[in-house]
Amino acid sequence: MPGKGIKAGLVERPRLPAGQGRIEAIDLARGIAIALMILSHTVSGLLGIRQVPDWGMVPIHLLTKFSSSLFIVVFGIALAVAFLPRAGEPGWPQRRLKLILRGLEVLFWYKVLTVVEMLPLYAPEDILDTLLYQRFPIWVEILGFYAIALLWLPWVLPLWRRLALWSRLVLPVAIALVAGWLERHASFWGIEPLKAILVEDDDHYAWGQLSRLPLVMVGLLIGEAMLRGYWQPVARRRLVLGLAAAGGLMLLAFLALALGAAEREPYDALMAVAWNQGKHPPELPFMLFSLGGALVILALCLLGGEPAAAVLRPITVIGSDALKAFIFHIVVIFGVFRFLLEAWQVYAYPQVLGIGLALVLATAGWIALTVWLRERR
């Protein structure tokens, strides 16, 4: 009976086939997230958000708000596709070590790029405080989240794989609620940086490990579905429709909240999101908008598959090496433009926008060049 089938599915532990090769649609989705991030960082890093005209905030800068959620969800997808089928198996300690070493590599570059970001803006003592987690950078902080997550997530992936489907579906919502409660009510012994790292804090720009963990879990669930059905046309279409429907419903829920607020018009709600209201710590309207848009983009990437990845090759190349893309664009914006050229608020908004678009292409070119050089060696 259908009811028994659904019940059995909810209590079943995942049986995951091994991946059948690299999925370029994942690289494309990650590349879109990074490209939007580059555009946002260029504008805020060279001009400042307060100098952006309204037409630049909505719709242009508004669309970059999909970036952070998409980046973290794709992180979870990549973990599921590349590592989850082997979690807990005899060879898992070696794979776990690989992830942890990657986390240490990302942590190293996070600290280096923190210096690069802050060098044109802050005194040496402020930079030292940031390196010691007394405060946090802004533009490279997502890399700090990524590094810490890679140090502890490999230890819990085998546990995730042993959980029944119903618990894997409930956990993202439960953890989001717990993280929200802790952010509002827990003092963390007065250690603000610890609170910021775990659940975020109003006075620090940081990505909380627990606050953003639900996005990683959503990615793990999507990655499981991709392992089962990405290479099967019917299953892939169902996944695409499911992601598009979920993303669309979230965007509609965001609009419903905006319309339900007596003091705010929909445009005002969009402007608030563009100004990062509700981003740190995460609030429901911002997350509905950001995650909803991220899921729609992800659905389109999976729908297009490898042909779309080939057509948008520069974006796919960026997504194929996220760390290299991050290093390159931060060095160019803050090391070259801000520090060497002293180009703070030198250019008008359309010019800065053009620099951002050119930087996306330059980042793709840099990654392609390093791959070519490595192959030549």
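Structure: above.
This one's a predicted model, so the numbers in the text were calculated from it and none came from an experiment.

Undergrad: Just checking my understanding: could you explain the overall build of the chain for this structure?
TA: Of regular secondary structure, the chain possesses 16 helices and zero strands. Taking 2.2 N^0.38 as the reference for a compact globule, 377 residues should give roughly 21 Å; the C-alpha atoms of the chain span a radius of gyration of 21 Å, in line with that estimate. Dimensions of the chain, computed from C-alpha atoms along their principal axes, come out at roughly 65 × 65 × 45 Å. The buried share among the 377 residues of the chain stands at 51%. For the chain, the share of sequence-separated contacts (at least 6 apart) that also reach a separation of at least 24 residues comes to 81%. Put simply, the chain shows about 17,900 Å² of open surface, and 67% of that area lies on carbon and sulfur atoms. Computing the positive centroid from 33 side-chain charges and the negative centroid from 26, the chain places the two 14 Å apart.

Undergrad: In this structure, what is going on with the side chain of Arg 338? I would like to understand it.
TA: Considering the arrangement of structural elements, one finds Arg 338 in helix 15 (residues 322-340). As a buried residue without a salt bridge, Arg 338 has its nearest oppositely charged side chain in Glu 117, at a separation of 8.8 Å. Of note is the side chain of Arg 338, whose polar atom sits 2.5 Å from the backbone oxygen of Gly 45. Apart from residues lying up to four places away in sequence, Arg 338 is in contact with Gly 45, Leu 46, Pro 120, Leu 121, Ile 333, Ala 343 and Trp 344.

Undergrad: How should a nonpolar patch on the surface be read in this particular structure?
TA: The grouping of Leu 119, Val 331, Val 336, Phe 339, Leu 340 and Leu 341 at the surface amounts to a nonpolar patch, some 520 Å² of accessible area in total. Here Val 336 lies in helix 15.

Undergrad: How should I be thinking about the nonpolar core in this particular structure?
TA: Proteins that are soluble and globular tend to have nonpolar side chains buried together. Among the nonpolar cores identified, the biggest contains 114 residues, and Met 226, Leu 298 and Leu 302 are the most heavily contacted of them. With residues up to four places along the chain from it excluded, the contact list for Met 226 reads Ile 23, Ile 26, Ile 77, Trp 231, Leu 239 and Leu 302. The next biggest cluster of nonpolar side chains, apart from the first, holds five residues, and it includes Ala 179, Leu 182, Phe 188 and Val 199.

Undergrad: Is there a simple way to explain unusual backbone geometry in this structure?
TA: Negative phi characterises most residues that are not glycine, and trans characterises most peptide bonds. The residue after Val 58, namely Pro 59, is reached through a cis peptide bond having omega 20°. Along the chain, Pro 59 falls in helix 3 (residues 54-63). In this structure, Pro 281 follows His 280 across a cis peptide bond, with omega equal to -15°. Within the element layout of this structure, Pro 281 appears in the loop between helix 12 (266-274) and helix 13 (284-311). Positioned with a positive phi, Tyr 133 is a non-glycine residue whose angle comes to about 65°. By relative accessible area, Tyr 133 is classed as partly exposed at 21%. Positive phi, normally seen in glycine, also occurs at Trp 189, with a value near 60°. Tracing the backbone shows Trp 189 in the loop between helix 8 (165-185) and helix 9 (192-199).

Scoring rules and cut-offs
Residues numbered from 1 in each chain as written. Predicted model: local features only at pLDDT ≥ 70, side-chain atom pairs only at ≥ 80, totals over all residues. Heavy atoms only, no water. Helix = DSSP H or I, 4+ residues; strand = E, 2+ residues; numbered from the N terminus. Rg over C-alpha atoms; globule rule 2.2 N^0.38 Å. Buried < 20%, exposed > 50% of the residue type's maximum accessible area, 1.4 Å probe, protein only. Contact = heavy atoms within 4.5 Å. Areas by Shrake-Rupley, 256 points an atom, 1.4 Å probe, with all protein chains shown as cover. Lys, Arg positive; Asp, Glu negative; His and termini not counted. Charge placed at Lys NZ, Arg CZ, Asp CG, Glu CD. Salt bridge = Lys/Arg side-chain N within 4 Å of Asp/Glu carboxyl O. Polar contact = N/O pair within 3.5 Å; in protein donor to acceptor, adjacent residues only side chain to side chain. Patch = residues over 30% accessible without salt bridge, like charges linked within 9 Å, V, L, I, M, F, W, Y side chains within 5 Å. Core = buried A, V, L, I, M, F, W, Y, C linked by side-chain atoms within 4.5 Å.

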